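The residues making up each chain are set out below.
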Amino acid sequence: MPGMRIMMAGATGLVGGSFFNRAVADSGIGQIVLLGRRSVPELEAHGKVTSLVADFNKLDAVDPSCEVDAMVCALGTTLKKAGSRERLFEVDCLYTEAAAAYALRCGARTLVVISSVGASPTASSHYLRTKGEMEKRVTALGYPACHILRPSLLTGARGETRLGESLAARLLSPVSFLLPAAYRPVHADTLAEKIHTLLKEPGEGVRVHGGGKHR
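A brief report on the enclosed structure follows. Position labels on residues start from 1 in each chain and follow its written sequence. In view of the model being predicted, local features appear only for residues whose pLDDT reaches at least 70, and side-chain atom pairs are presented and counted only at 80 or more, with totals across whole chains, interfaces and linings using the full set of residues. Side-chain measures were taken over the full set of non-hydrogen atoms in the model, leaving aside hydrogen atoms and water.

Details of the packing of aromatic side chains
Moving on, step 1. Two rings from Phe, Tyr or Trp (for Trp, the six-membered ring) form a pair when their centres sit within 6.5 Å of each other. Planes less than 30 degrees apart are called stacked, planes more than 60 degrees apart edge-to-face, and all others tilted. Scanning the entire structure with this criterion turns up one aromatic pair.
Moving on, step 2. Between F56 and Y95 the ring centres are 5.2 Å apart and the planes differ by 45 degrees, which places this aromatic pair in the tilted class. In this pair, F56 is assigned in the loop between β3 (49-53) and β4 (70-73) and Y95 in helix α4 (residues 85-105), connecting sequence segments 39 residues apart. The burial state of F56 is the same as that of Y95; both residues are buried. Working definition: helices are DSSP H or I runs of at least four residues, strands are E runs of at least two. Numbering for both runs from the N terminus. Only protein chains enter the calculation, and the probe is 1.4 Å; a residue is then buried if its accessible area is under 20% of its type maximum, exposed if over 50%, and partly exposed in between.

So, in structure tokens, the structure goes:
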């Protein structure tokens, strides 16, 4: 099948879903491999989409089953949904690292991963420490091109209700122009389009994109 071959983790999320729709519509992308813990029949209905169902805790023992050019990792959860700090760390950091490492073994040379503004291994917030640790781990994998996106509050139509984020978006949107660029809300479609662009022009090395750089 001609065209770029992409592996995705997190295709059912807000940003992942938006990017997935772009990838499916792009004739320059010939194959999309959905890496996940369960199959998603509605996404697999597209002709160039296949699924790889795996236990992320055991991905390091799974032999590469396909060849891809790039990896897009949009995994993420919330403390409320995860149920504990340990579980949030597992999903946002360990699963992201495992997915990126697996894609690298499948031949991927470009990685695009979603983090968060303020991410740092030494941050006071557990969430931001988790994202910071994830960044440290994926950059250590040695991708020829590694892009880390650090959005602030994400906006868009979610399949689930996140009351805190919804309220924050309503409060911040009218005054977002007063905020530093890095802390302005970012629509999921804007971030998805940025991912799409980066895959087409990946460049080399580790690059961090935040604030206005998403546009």
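As for helix α5 (residues 126-139)
Moving on, step 1. What a helix is expected to span follows from its residue count: subtract one and scale by 1.5 Å. For α5, built from 14 residues, the straight-helix expectation of 20 Å at 1.5 Å per residue is met to within 8% by its first-to-last C-alpha distance of 20 Å.
Moving on, step 2. Among the structural elements, α4, β5 (110-114) and β6 (145-150) are those in contact with the buried residues of α5.
Moving on, step 3. With a side-chain oxygen lying 3.3 Å from the backbone nitrogen of Y127, the N-terminal cap of α5 falls on S125. Between two residues, a contact is recorded if the distance between any of their heavy atoms is within 4.5 Å. We define a polar contact as two N or O atoms separated by no more than 3.5 Å, with the added condition that, inside protein, one atom must be a possible hydrogen donor and the other a possible acceptor, whereas residues neighbouring each other in sequence contribute only through side-chain atom pairs.

Some words on the pattern of salt bridges
Moving on, step 1. Within this document, salt bridges are pairs made up of a side-chain nitrogen of Lys or Arg and a carboxyl oxygen of Asp or Glu, the two lying within 4 Å of each other. In the structure shown here, the tally under the stated rule is 10 salt bridges.
Moving on, step 2. The partner of E90 in a salt bridge is R87, and the shortest N-O contact between them spans 2.4 Å. Separated by three residues within a single helix, E90 and R87 lie in helix α4, roughly one turn from each other.
Moving on, step 3. When the shortest N-O distance is used, the salt bridge between E133 and R137 registers 2.9 Å.

A short note on the pairing of strand β1 (residues 4-9)
Moving on, step 1. Across the six residues that make up β1, a large majority, five, are buried.
Moving on, step 2. Only when DSSP finds a minimum of two bridges between them are two strands counted as paired. Bridge count between β1 and strand β2 (residues 29-36): five bridges; the pairing is parallel. Bridging across to β2, M7 finds its partner in V33.
Moving on, step 3. In this region the chain leaves β1, passes through helix α1 (residues 14-25) and returns to the parallel neighbour β2; the handedness of that crossover is right-handed.
Moving on, step 4. When β1 meets β4, the two strands line up parallel, connected through four bridges. Bridging across to β4, M8 finds its partner in V72. Handedness is read with the strands pointing away from the viewer; a crossover is right-handed when the path from the first strand over the helix to the second is clockwise.

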